[in-house]
Amino acid sequence: MNCMINQCDIICTLSEEVEEMELWVKIGRTNKKFQGSFRSVMESIVKEAKGKKTVELLSFHAGQKERRRLKRELRANGRDLLKTASSVARWFYLRDLRRINRRVKELKRRAKYISKGEVFYCQKTLERVKELENKLGEIKGKLEELKVD
């Protein structure tokens, strides 16, 4: 038996694996639909619902990992959707912050080299470190924006 896989089958299976999250939320008196990646949905909920009195989760559709994570975070935050969205979005940015900090530390270590007892620094590497430090500043600003009381 000859089994052939065509290109269409591969594209269909790949598109099914990448799932987007769809979340229906009641903010005040209006119902809103948020759609996109887990990170972007949580960010937009925090931005839209910040300062509002009532934020209620109506329904959501997502992949298994995202569903489990959202339910776990909701339980941890006492069913408060705004705090949950804030903590999830901040987690994503904290993960990026730690990743960039590790990269900066590694680049600084590599930028320094000793030749005949003198210490030299590679300029290209130091420029890359400056770029990463600017990114760190942006991420820290995002973290402050996403903070909920």
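Residues numbered from 1 in each chain as written. Predicted model: local features only at pLDDT ≥ 70, side-chain atom pairs only at ≥ 80, totals over all residues. Heavy atoms only, no water.

Peer 1: Account for the pairing of strand β5 (residues 118–121), naming residues and giving values.
Peer 2: Looking at chain direction, strand β4 (residues 112–115) and β5 are connected through 4 bridges and run antiparallel. Pairing of Ser-115 across the sheet is with Glu-118, part of β5. (Pairing = 2+ DSSP bridges. Helix = DSSP H or I, 4+ residues; strand = E, 2+ residues; numbered from the N terminus.)

Peer 1: Account for a positive patch on the surface, with residues named and values stated.
Peer 2: On the surface, a cluster of positive charge is contributed by Arg-67, Arg-68, Lys-71, Arg-72, Arg-75 and Arg-79. Along the chain, Arg-68 turns up in helix α3 (residues 64–76). Residue classification places Arg-68 among the exposed positions, given a relative accessible area of 54%. (Patch = residues over 30% accessible without salt bridge, like charges linked within 9 Å, V, L, I, M, F, W, Y side chains within 5 Å. Areas by Shrake-Rupley, 256 points an atom, 1.4 Å probe, with all protein chains shown as cover. Salt bridge = Lys/Arg side-chain N within 4 Å of Asp/Glu carboxyl O. Lys, Arg positive; Asp, Glu negative; His and termini not counted. Charge placed at Lys NZ, Arg CZ, Asp CG, Glu CD. Buried < 20%, exposed > 50% of the residue type's maximum accessible area, 1.4 Å probe, protein only.)

Peer 1: Requested: an account of the pattern of salt bridges, with residues and values cited.
Peer 2: Once their charged atoms are close, side chains differing in charge can pair, the charge on each being opposite to the other. Scanning all chains against the criterion turns up 13 salt bridges. The closest approach of N and O atoms between Glu-43 and Lys-142, which form a salt bridge, is 3.9 Å. Of the two residues, Glu-43 is situated in helix α2 (residues 38–49) and Lys-142 in helix α5 (residues 123–145); the sequence distance between them amounts to 99 residues. The exposure class of Glu-43 is buried, given its relative accessible area of 11%. Two residues, Glu-106 and Arg-110, come together in a salt bridge whose shortest N-O distance is 2.2 Å. In this pair, Glu-106 and Arg-110 both sit in helix α4 (residues 81–111), 4 residues apart, roughly one turn of the helix. Overall, Glu-106 belongs to the partly exposed group, its relative accessible area being 26%. Within the structure, one salt-bridge network assembled from shared partners comprises Arg-39, Arg-95, Asp-96 and Arg-99.

Peer 1: Run through the packing of aromatic side chains, naming residues and quoting values.
Peer 2: Tallying each qualifying case throughout the model produces 2 aromatic pairs. Seen from their ring centres, Trp-91 and Phe-92 are 5.0 Å apart, and the 75 degrees between their planes marks the pair as edge-to-face. Taking relative accessible area as the criterion, Trp-91 reaches 36% and is therefore assigned partly exposed. Note on Phe-92: relative accessible area 11%, which makes it buried. Taken together through their ring pairs, the aromatic side chains of Phe-38, Trp-91 and Phe-92 make up a single cluster. (Phe/Tyr/Trp six-rings, centres within 6.5 Å; stacked < 30°, edge-to-face > 60°.)

Peer 1: Can you tell me about the packing of α3 against α4, naming the residues and giving the values?
Peer 2: Closest axis-to-axis distance for the α3/α4 pair is 9 Å, and the angle between their directions is 120 degrees. Looking at the two axes, α3 sits oblique to α4. Of the two elements, α3 crosses α4, and the hand of that crossing is right-handed. Together, Arg-69, Leu-70, Glu-73 and Leu-74 of α3 and Leu-81, Thr-84, Ser-87, Val-88 and Trp-91 of α4 make up the contact between the two elements. Residue classes in the contact of α3 with α4 are distributed as 5 nonpolar, 2 polar and 2 charged. (Axes fitted to C-alpha atoms, helices over the stretch in contact; angles between N-to-C directions. Parallel < 35°, antiparallel > 145°, perpendicular 65-115°, else oblique. Left-handed = near helix turned anticlockwise from the far one by under 90°. Contact = heavy atoms within 4.5 Å. Nonpolar A, V, L, I, M, F, W, Y, C, P; charged D, E, K, R; others polar.)

Peer 1: I'd like a rundown of the pairing of strand β2 (residues 30–36), residues and numbers included.
Peer 2: Bridge count between strand β1 (residues 21–27) and β2: 7 bridges; the pairing is antiparallel. Residue Glu-22 lies in a different strand from β2, and its bridge partner there is Gln-35. What sits between β1 and β2 in their antiparallel hairpin is a turn of 2 residues, with Gly-28 showing a positive phi close to 70 degrees.

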